[in-house]
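# Architecture at a glance
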Amino acid sequence: MSEEAPTDSGFSEVRAAVAAKGKTDAECVQVVVRCRPMNSREKEDKRTHIVGIDHQLSQVTLKSSDGAAPRSFTFDGAFDETTQQRPFYDDACFPLVESILEGFNATIFAYGQTGCGKSFSMQGPASPPAPTEMRGVIPNAFAHLFEYVKGTRDIEFLVMRDLLDTKTDKLCDIRQDPKKGIFVNNLSEVVVDTAEKIQAVLDRGLTGRTVAATAMNAESSRSHSIFTIIIEMSSTDAETGREILRAGKLNLVDLAGSERQKKTGAAGDILKQGAMINLSLTSLGNVIQSLADGREHVPYRDSKLTRLLQDSLGGNTKTLMIAALSPADYNYDETMSTLRYANRAKNIKNKPKINEDPKDTLLRTYKDEIGRLKAQLEAFMNGGPPPGGGGDGAGEG
């Protein structure tokens, strides 16, 4: 590509830091929480701050105004209202987005009550263009991916995107294919070659997303949105000379918030939209509960939202849930509900695997086995146990 990669984004430094920590084989859904600051209305009403965040312990403590003992929850990450956008992305989201460059599928979705900061975390300020330091997960992911694409010379990339707004329920023709997985039929695919172009496509798509003012949120999303990036990669194996084909898919999901009519003051169409939002989120909660409990039947087909997220919850995907919290005491019930919801989600086990040609997968297996045997032989030569007998429990007589 002709355009120069940005030099001041710092993603290469984050990549080095992540690599230094080493990879994990964790397959459970990763869950982080992020608490927004008090808004102007809550400050005027002199609301009490009831959410405590310990970033080092990844712990959230919720205080009760009725004198009950505080409740604590531990997650994969916890971020308070002082956390800035880019550090949040680097700490919570970078490793997951990086994994699609290896050929994995990944999903990041934000959940929480209306007005708790989900869209700010995912996209940034409501009125673009946002300054660099205010960009949310989605624009940071764009910059991250294209910096890597532009800086890599030995791999060929094809980058495509889809945008689905699930309020268009009648137009949402969901299909399933052994190779493609679950997909929406007849979505347009746009090939893009810069972060700016993919952002422009997203902005065009978001113009069709309905928002409305409620008593809880001046720009409340009235629908869920799912933005998908597909990266196809072609490289040559240094040892065999074979062409290796891989494909990674990133789903960026901004869920509409759960809401209570008595708090939002919604009426008419806005009230009906809220009811539909709550219904789909209830279906999502039922799926999470079923997976966390290990039930045989999981009700993915109860809503189109859960059907579309099927691979992300219990399937071939690395998944991160961002649980967005309000700090104010009058949202205690909703905040507790979100924390319980998130606590269940972290027990869901996915089965992510690299998307590549089956022949390449077999070659990878052989190469991994050869590498394992070489390591055993080297250990044996240095006084370790003999190679070939090293399975669990083997070698004891």
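Residues numbered from 1 in each chain as written. Predicted model: local features only at pLDDT ≥ 70, side-chain atom pairs only at ≥ 80, totals over all residues. Heavy atoms only, no water.

Further remarks concern the nonpolar core. The biggest cluster of nonpolar side chains holds 41 residues, and the ones touching the most others in it are L284, L313 and M321. Those elements giving two or more residues to this core turn out to be β1 (30-35), β3 (59-62), β6 (105-111), β9 (181-184), α8 (268-293), α9 (304-308), β15 (318-325) and α10 (332-345). Among the elements that take part in this core, α8 stands out by supplying 6 residues, more than any other. Residue contacts for M321: discarding those within four places in its chain leaves Q30, V31, V32, F109, Y111, Y341, A342 and A345. By size, the runner-up hydrophobic cluster in this structure holds 37 residues, among which are V32, I138, F146 and V201. (Core = buried A, V, L, I, M, F, W, Y, C linked by side-chain atoms within 4.5 Å. Buried < 20%, exposed > 50% of the residue type's maximum accessible area, 1.4 Å probe, protein only. Helix = DSSP H or I, 4+ residues; strand = E, 2+ residues; numbered from the N terminus. Contact = heavy atoms within 4.5 Å.)

Here we come to the confidence of the model for the protein. Across the protein, the average pLDDT comes to 78, with 74% of residues at or above 70. Considering each helix and strand of the protein separately, the mean pLDDT is smallest for strand β11 (residues 211-212), with a value of 38, and largest for strand β5 (residues 77-79), with 98. Low pLDDT, under 50, characterises residues 263-267; the predicted model gives this stretch 13 contacts beyond four residues in sequence or across chains. (pLDDT = per-residue confidence, 0-100.)

Looking now at α10. Here α10 is 14 residues long and its end C-alpha atoms lie 20 Å apart, about the 20 Å a rise of 1.5 Å per residue gives. E334, T335, M336, T338, L339, Y341, A342 and A345 are the residues of α10 that are buried. (Expected span 1.5 Å × (residues − 1).)

What follows covers the packing of aromatic side chains. Each aromatic ring pair is specified by the distance between its two centres and by the angle formed by the two planes. Tallied over the entire structure, the rule returns 6 aromatic pairs. The interplanar angle of 5 degrees and the centroid separation of 3.9 Å between the aromatic rings of Y111 and Y341 together place this pair among those described as stacked. Of this pair, Y111 sits in strand β6 while Y341 is found in helix α10, placing the two residues 230 residues apart along the sequence. As far as burial versus exposure is concerned, Y111 and Y341 are alike and both buried. Arranged with centres 5.5 Å apart and planes meeting at 55 degrees, the rings of F142 and F227 form a pair that is tilted. Of this pair, F142 sits in helix α5 (residues 137-151) while F227 sits in strand β13 (residues 225-236), placing them 85 residues apart in sequence. Like F227, F142 is buried. Here the aromatic cluster, defined as three or more aromatic residues joined through ring pairs, consists of F11, Y89 and F94. Sitting over the ring of F88, R34 keeps its end group 4.6 Å from the ring centre. We note R86 situated over the ring of F11; from NZ or CZ to the ring centre the distance is 3.9 Å. (Phe/Tyr/Trp six-rings, centres within 6.5 Å; stacked < 30°, edge-to-face > 60°. Lys NZ or Arg CZ within 6 Å of the ring centre and 35° of its normal.)

This brings us to the packing of helix α3 (residues 85-99) against α5. When two helices pack together, their arrangement is given by the angle between their axes and by how far apart the axes lie. The contact between α3 and α5 brings their axes to 10 Å, and the two run at 60 degrees. In terms of orientation, α3 lies oblique with respect to α5. Read as a crossing pair, α3 and α5 show a hand that is right-handed. Touching Q85, R86, F88, Y89, C93, F94, V97 and E98 of α3 are V137, N140, A141, H144 and L145, all from α5. Of the residues that constitute the contact of α3 with α5, the class distribution is 8 nonpolar, 3 polar and 2 charged. (Axes fitted to C-alpha atoms, helices over the stretch in contact; angles between N-to-C directions. Parallel < 35°, antiparallel > 145°, perpendicular 65-115°, else oblique. Left-handed = near helix turned anticlockwise from the far one by under 90°. Nonpolar A, V, L, I, M, F, W, Y, C, P; charged D, E, K, R; others polar.)

Another point: unusual backbone geometry. Backbone geometry at K46 places phi at a positive 55 degrees, although glycine is not the residue there. Counting through the fold element by element, K46 comes out in the loop between α2 (40-44) and β2 (51-54). Under the relative-accessibility criterion, K46 is labelled exposed at 71%. Of note in this structure, S58 is not a glycine but carries a positive phi near 55 degrees. With respect to the element layout, S58 can be found in the loop between β2 and β3.

Picture the strands of a sheet paired through backbone hydrogen bonds; they go either parallel or antiparallel. Read across the open sheet, the 3 strands follow the order β2-β3-β4; overall the sheet is antiparallel. Each end of this open sheet is capped by a strand with a single partner; those strands are β2 and β4 (71-74). Averaged over all pairs of adjacent strands, the angle between strand axes in this sheet comes to 20 degrees, irrespective of strand direction. Alignment of β2 against β3, held across 4 bridges, turns out to be antiparallel. Within β3, the position partnered with G52 by the bridge is T61. Here α10 sits on the sheet and contacts β2, β3 and β4; the angle it forms with β4, its principal contact strand, is near 35 degrees. (Pairing = 2+ DSSP bridges.)

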